[in-house]
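The chain contents come next:
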Amino acid sequence: MTTKVIYFTVNGKLEKAEFRSDCSIADVKDLFRAAAEAGPHDILKMYNPSGSMVNISPRLEANDMDSCYRLEVVASDLQSVAVPTELDSMENRLHHLESKVLEEAGKTPDIVFELKSQVEAFKRKLENVKHLSWLGLFKDKNEQQAKFSPKTRRSRQNVQEQERVRRQFLHMSSLQVTEEVREHLKTPIFDNWQWEEAEMMVLLQVMYTDLDFLMVFHIELEVLQNFLFEVYCHYNNIPFHNFQHCFCVTQMMYGLIWLTDLRNKLERIDLFIMLTSALCHDLDHPGYNNVYQINAQTDLALRYNDISPLENHHCAIAFGILSKPECNILKNLSSEQYKQVRGGMIKCILATDMARHNEILNKFKVTLPVFDFKNKEHKEVLMKIMVKVSDISNEARPMAVAEPWLDCLLQEFFNQSDTEKLKGLPVTPFMDRDKVSKPSSQTNFIRFVLLPLFTELTKLFPCLEQHILEPVRRALEYYSNMEKATQEEAGATKS
Ligand code: 0WF
Ligand code: ZN
C-alpha cells in the first residue's frame, strides 16, 4: 500500500500531510481538521492550485510543494456553537418585531435596522473577545483572521462578509460622528480594537472630510465611499498587514497632521498625498516579506526584479483601484495635480520598504538644521518620514493597544519562518519562533529603529515629545523589564 504526501497551506502556513491510501475518509478528514486546528463543527474546504474545490479523501492527488493545495476553515456551524441565550432571544424578538412592522409598514424602519445592527455588532464583538476564547464559545479575532490564507480574498464567504460591511458602512456613514469621537480620532491614543471594519471606514471618511479634501479636490462622497470600500477589500485577512493595520497607519498620520499643525505648514495636496499613501501603503500584502519574495522567487519578485517587490505591488494595486472611474477620487484633479499626487504617492509608498530606512533617515537628518517647508526636497523627505513613522508607530500607542499588535506581527513572522523552514529557504533570525521572544524582538527594535527615527522627527516638531517619544520610551522600559524577568526566571529554573 502506498503512502501519499500532500503539501497544502492552511492559515497562510505551508504544511505537509502523509497518509496511507487505504485509510478511511474519516481519518483523512481528521488529519486535515487537526492541521487546521478546526473544531468538530467547523467546515473544511480544500482547493487545488487552480482554485477548484476538491474532495478531502484518501483519493486526494499527491502533489509537490510548488503545487500546494489550500485548506480553509470556511465557516463554523454556528447552530452548534452556544451563543448566549439572552442574545439569541433578543435577536429572535427583533426578527419577530421586524416581520410584524414589515407587515404593517412595508419597510424596515431605521430604528429596527439600527437595533439589528447593534445586536449583530455586539455578537461580533463577543466573538472577538480574546479572554473568552477559553470558553470555546467564540472565535478569537486572530484565529478567525488566520483561517483565511492570503490568497483567499473574495472567496464566496468573504464576498458576503464584504457586502455586509459595505451595507453597514453606507448605512452608518449617513449618521453623525460625534465631536468627541472626531477629536479623539486626532490623537495617538485612539484605540482601533474598539471599532469594527465598517466603523473604521466611516472614520476614514471623517478624516477625508475634516481635512477638507472633498471640497478642495472636488471628490464626490459616493466616489470616496467606493474608493474606501475597494481599499478595504484589497487588504488580506492576515494576522498583521490587514485592514486594521491600514486604518491605524492612516489614523496615526491623521493625528500627526493635526498635532504638528501641518495644515498650516504644507499645501493641502501634500496632506492628501500623505493620508492616501498611508491608506494604500500595504494593499494586498501577502503576509510574507520582501526577503521571502526574493528568496522564494515569487511572481512579485520576478515582476519587480527584486526591487522592493511588495511596495511596488501595493502602489500598483492602489492605482489599479483608482483607475476605476467609480472609485477615482483623483478624477477632478487637474493633470498637474494628478501628476503630483501620483508621483508623491509612489515616493511615499516605496519609502516604506524598511531596507531603505537608513538612507531616508540620513537624508532627513541632513535637512533638519536648515529645514524649510517651502523647499521641495525637504518637503519630500519629510513626507516619506511621516509615512514611515505612521507605519511603525504601534509602540507610540497605549500599551493595551500596542501589545496585541506585537502578537499579531509575531504570528505573521512565525508563519513566514515556518514556511521558510519547510521550503529550505534562509530563515530571517528575528522571525524564528525558536530564537525570538516578544521582549527581545521589541527592545532592539525600539532602541535601534523607533527611538532614533522618532527623535529626529521630534526635533522638527518638539510637541511630539509627549505624544510619540515618551510612550515609546515607556514601551522600552516595559519590554526591558519583561526581558529581565524572563532571564531571571530562566536562571532560576536552571539552578
Ligand atoms: C517585532 C519587531 C517589530 N516591532 C514593531 O513594533 C514593528 C512595527 N512594524 N514592524 C515592526 N517590527 C515591522 C513590520 C514590517 C516592517 C517593520 N521586529 C523588527 C525586528 C523584529 O527586529 C529588529 C530589530 C532591530 C533592527 C531591525 C529589526
Ligand atoms: Zn505597514
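Everything that follows concerns the structure shown earlier in this document.
None of the values given here were measured: they were computed from a predicted structure.

So, how was this worked out
- Residues numbered from 1 in each chain as written.
- Chains lettered and ligands numbered in written order.
- Predicted model: local features only at pLDDT ≥ 70, side-chain atom pairs only at ≥ 80, totals over all residues.
- Heavy atoms only, no water.
- Helix = DSSP H or I, 4+ residues; strand = E, 2+ residues; numbered from the N terminus.
- Buried < 20%, exposed > 50% of the residue type's maximum accessible area, 1.4 Å probe, protein only.
- Near = heavy atom within 4 Å.
- Areas by Shrake-Rupley, 256 points an atom, 1.4 Å probe, with all protein chains shown as cover.
- Nonpolar A, V, L, I, M, F, W, Y, C, P; charged D, E, K, R; others polar.
- Core = buried A, V, L, I, M, F, W, Y, C linked by side-chain atoms within 4.5 Å.
- Contact = heavy atoms within 4.5 Å.

Engineer: Just to check I follow, could you spell out unusual backbone geometry for this structure?
Structural biologist: At Asp284, a residue that is not glycine, the phi angle is positive and equals roughly 60°. Here Asp284 is to be found in the loop between helix 11 (268-280) and helix 12 (290-295). Using a relative accessible area of 14% as the deciding quantity, one classes Asp284 as buried. The phi dihedral of Asp306 is positive, around 65°, even though this residue is not glycine. Its location among the elements puts Asp306 in the loop between helix 13 (299-303) and helix 14 (309-322). Among the residues examined, Asp306 registers a relative accessible area of 40% and is labelled partly exposed.

Engineer: Can you walk me through the site of ligand 1 in this structure?
Structural biologist: Around ligand 1, the neighbouring residues are His241, Met354, Ile392, Leu406, Leu409, Phe413, Phe430, Ser441, Gln442, Asn444, Phe445 and Val449. Look at ligand 1: alone it shows 590 Å² of surface, and the protein chains cover 78% of it. Counting residues per element, the ones that place at least two in the shell around ligand 1 are helix 18 (399-423) and helix 19 (438-460). Broken down by element, the shell around ligand 1 gets its largest block of residues, five residues, from helix 19. Of the residues belonging to the shell around ligand 1, the class tally is eight nonpolar, four polar and no charged.

Engineer: Honestly, the nonpolar core in this entry has me stumped. Any pointers?
Structural biologist: When a protein is soluble and globular, its nonpolar side chains tend to lie buried together. Core analysis: the largest hydrophobic core is formed by 107 residues, its most contacted members being Tyr208, Phe227 and Ile329. Ranked by residue count, the leading element in this core is helix 10 (residues 243-259), at ten residues. Dropping the residues within four chain positions of it, Ile329 is found in contact with Tyr208, Ile219, Val223, Leu224, Phe227, Phe272, Thr276 and Leu322.

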